Structure formats: structure tokens, C-alpha cells
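Here's the letter readout for the chains.
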Amino acid sequence: MRSGPALLALVLTAGSVAAARPASSPALMAAVKASTRSPANVARDRYRHPVETLRFFGVKPTDTVVEIWPSGGWYTEILGPYLAAHGTLYAAGPDDKGLAAVKAKQSAAPSAYGSVRFATFPAGPGATSVPAGSADVVLTFRNVHNWRFGATDRTQAAFDQMFAMLKPGGTLGVVEHHLPEASGTIEEARSGYMKRSSVLAYATKAGFRLAGESAINSNPKDTHDYPKGVWTLPPGFADGDHDRARYAAIGESDRMTLKFMKPK
């Protein structure tokens, strides 16, 4: 049974416990408290647990980090200041529109985001891509379902490209809406939730090994069975005002937090 938001690391490497790469707590706390973060994003910290999550993934302020599909830049608001002085942050999105929010943040606060680099993901021929073997950490937050969603499954290609970005021994951190294995007729391709076994299968085929997992972002109130999928819950509220109070009381989705390693 899960233990809730407390850190529960179940490290599964060759039958032994592997030490997490330590994050710099003072620098990380300073980044989470940065004045450049929007109040609306700060209000969601209680659901997303950024300090515990980035510490679990072992993100250090000297790392080269790739944030996959940053969208509105919720985590970019933390990673930008955290890596600004000594590290490197790539924002990797599908196109200029997908990176527009991060570019706007960079224009508004160059001291926090001025060193952010931009790349295309997934990268086709001729695209500006993250150099192969250059990243210490690749992070993707609630994106796997986007690649799985619909008739065309693009997930394996995404994991293959993330594997290529990383240095040997590098970390892939995945946070994804969690669909219990015994979920019956709920479909990954429509609900926005993913089974742990599915994510592991894509990652393993790409060459990753599972290094650990945590219940940091789990939510036992989430029943996973909404007519409009995961988007029914906050912040989306896809059903509008219908049962809004009930969904607000549930909070944001139940999420798995998985750490993968690229073998040395």
C-alpha cells in the first residue's frame, strides 16, 4: 500500500539499493521560492511536490538538464533559476508554439531564464535537437499519455530519443498520471492515464533500467474513472461546474514517479 506524499523510494537495481544523486537543498529551495514564479503555479506545489520530486531524481545545479515538452513552463520556473549559474537547461518542445511560454518567460526575466536553450522534440531530420550523449538528466512531467493518446502511438520513438540524449549513467525522470493495472475497461489511449507496466515497457525497450520509484505524487483519492478522463480533475475541470466541488476535493491526479538510468 502506498504511503502518501512521504518519500518512498523503491530502488530496484540488481537487487541492491542504489543511492540517489543528491540535490543541493538550499539552492533548490531558493529556486522554488524564486520571485519569478507565478502565484498560480506556486499554489499547485501541494500537488506537484517540486522539492521532493527533483531531489528524488537527483537533479544538481551543475547538471545539463532537458525538460521535455515544458508547455506553460511550470517546472521551468524552478529549473531555470536552479540551473542558471552553473548548469544548463534545454527546453525541448514539438515546435515554436510549444515553446512560446518558456520564451516569454525568458524575455521577461533574462536573469532567471537567459541561459535556457531550445530544441525540438521529437526531433526530425534537420531539426535543432539536444546533442546525443550530452544530458545528465532528462525530465518529462505528465507527457507520456500525450504520445500514447490517439490512434498513432508515438511513445517508443520519444523514449528512444530521450535515451540518446543522455550520457551513460544519466537519469530519466518520469512523472505520469497513474492508471492501476487492474483498471478494467479504462483505456490508456483515451483516459490520459498510463499503466506503470506500459511506461516500463517503453523505457526498457529503449534501453533504460528502472532505478527507483516513489509515491511522492500519488493521490489515493483519485478513482481514475471519469467520463472525460484525467482532465476532469483540477486544474482542467473538463466538466465545467458539474461536480466541481467533488473534483476539487479530490485534487490533482494520482501520479507515478519513476526514475530510470541509462546504463554506463
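That block above? That's the structure.
Fair warning: this is a prediction, and the values are worked out from it, not measured in the lab.

### With respect to the overall build of the chain
Right, on to step 1. Assigned secondary structure in the chain consists of 12 helices and 8 strands.
Right, on to step 2. Its C-alpha atoms give the chain a radius of gyration of 18 Å, near enough to 18 Å, the size a compact globule of 264 residues would have.
Right, on to step 3. In the chain, which comprises 264 residues, the share counted as buried stands at 53%.
Right, on to step 4. Taken as a whole, the chain presents about 11,700 Å² of accessible surface, with 57% of it coming from carbon and sulfur.
Right, on to step 5. In the chain, 30 side chains carry a positive charge and 22 a negative one; their mean positions are 5 Å apart.

### Remarks on the pairing of strand S2 (residues 88-93)
Right, on to step 1. Counting buried residues along S2, 6 of its 6 residues qualify, which places the element largely inside the surrounding structure.
Right, on to step 2. Alternating residues of S2 divide into Thr88, Tyr90 and Ala92 and Leu89, Ala91 and Gly93, and every residue in both groups is buried.
Right, on to step 3. Bridge count between strand S1 (residues 64-68) and S2: 5 bridges; the pairing is parallel. Residue pairing for S2: Val65 is matched across the bridge by Leu89.
Right, on to step 4. Since S1 and S2 lie parallel, the crossover through helix H5 (residues 76-83) that links them has a hand, and here it is right-handed.
Right, on to step 5. Of the strand pairs in this sheet, S2 and strand S3 (residues 117-120) are connected by 4 bridges, and their pairing is parallel. The partner of Ala91 across the bridge, within S3, is Phe118.

### Digging into the packing of aromatic side chains
Right, on to step 1. Taken as a whole and judged by the stated rule, the model has 11 aromatic pairs.
Right, on to step 2. Centre to centre, the rings of Phe56 and Phe57 are 5.7 Å apart; their planes meet at 50 degrees, and the pair counts as tilted. Accessibility assignment for this pair places Phe56 and Phe57 in one class, buried.
Right, on to step 3. Between the aromatic rings of Phe208 and Phe260, the centroid separation amounts to 6.2 Å while the plane-to-plane angle is 55 degrees, which identifies the pairing as tilted. Taken together, the positions of Phe208 in the loop between helix H11 (196-206) and strand S7 (209-214) and Phe260 in strand S8 (residues 255-261) put the pair 52 residues apart, joining distant regions of the chain.

### Some remarks on the pattern of salt bridges
Right, on to step 1. The full count for this structure, using the stated rule, is 12 salt bridges.
Right, on to step 2. Note that Asp96 and Lys103 form a salt bridge whose closest N and O atoms lie 3.4 Å from each other.
Right, on to step 3. Residue Lys103 is classed as partly exposed on the basis of its relative accessible area, which comes to 30%.

Calculation criteria
- Residues numbered from 1 in each chain as written.
- Predicted model: local features only at pLDDT ≥ 70, side-chain atom pairs only at ≥ 80, totals over all residues.
- Heavy atoms only, no water.
- Helix = DSSP H or I, 4+ residues; strand = E, 2+ residues; numbered from the N terminus.
- Rg over C-alpha atoms; globule rule 2.2 N^0.38 Å.
- Buried < 20%, exposed > 50% of the residue type's maximum accessible area, 1.4 Å probe, protein only.
- Areas by Shrake-Rupley, 256 points an atom, 1.4 Å probe, with all protein chains shown as cover.
- Lys, Arg positive; Asp, Glu negative; His and termini not counted.
- Charge placed at Lys NZ, Arg CZ, Asp CG, Glu CD.
- Pairing = 2+ DSSP bridges.
- Right-handed = clockwise from strand over helix to strand, strands pointing away.
- Phe/Tyr/Trp six-rings, centres within 6.5 Å; stacked < 30°, edge-to-face > 60°.
- Salt bridge = Lys/Arg side-chain N within 4 Å of Asp/Glu carboxyl O.

The values reported here are purely geometric and, on their own, carry no functional implication.
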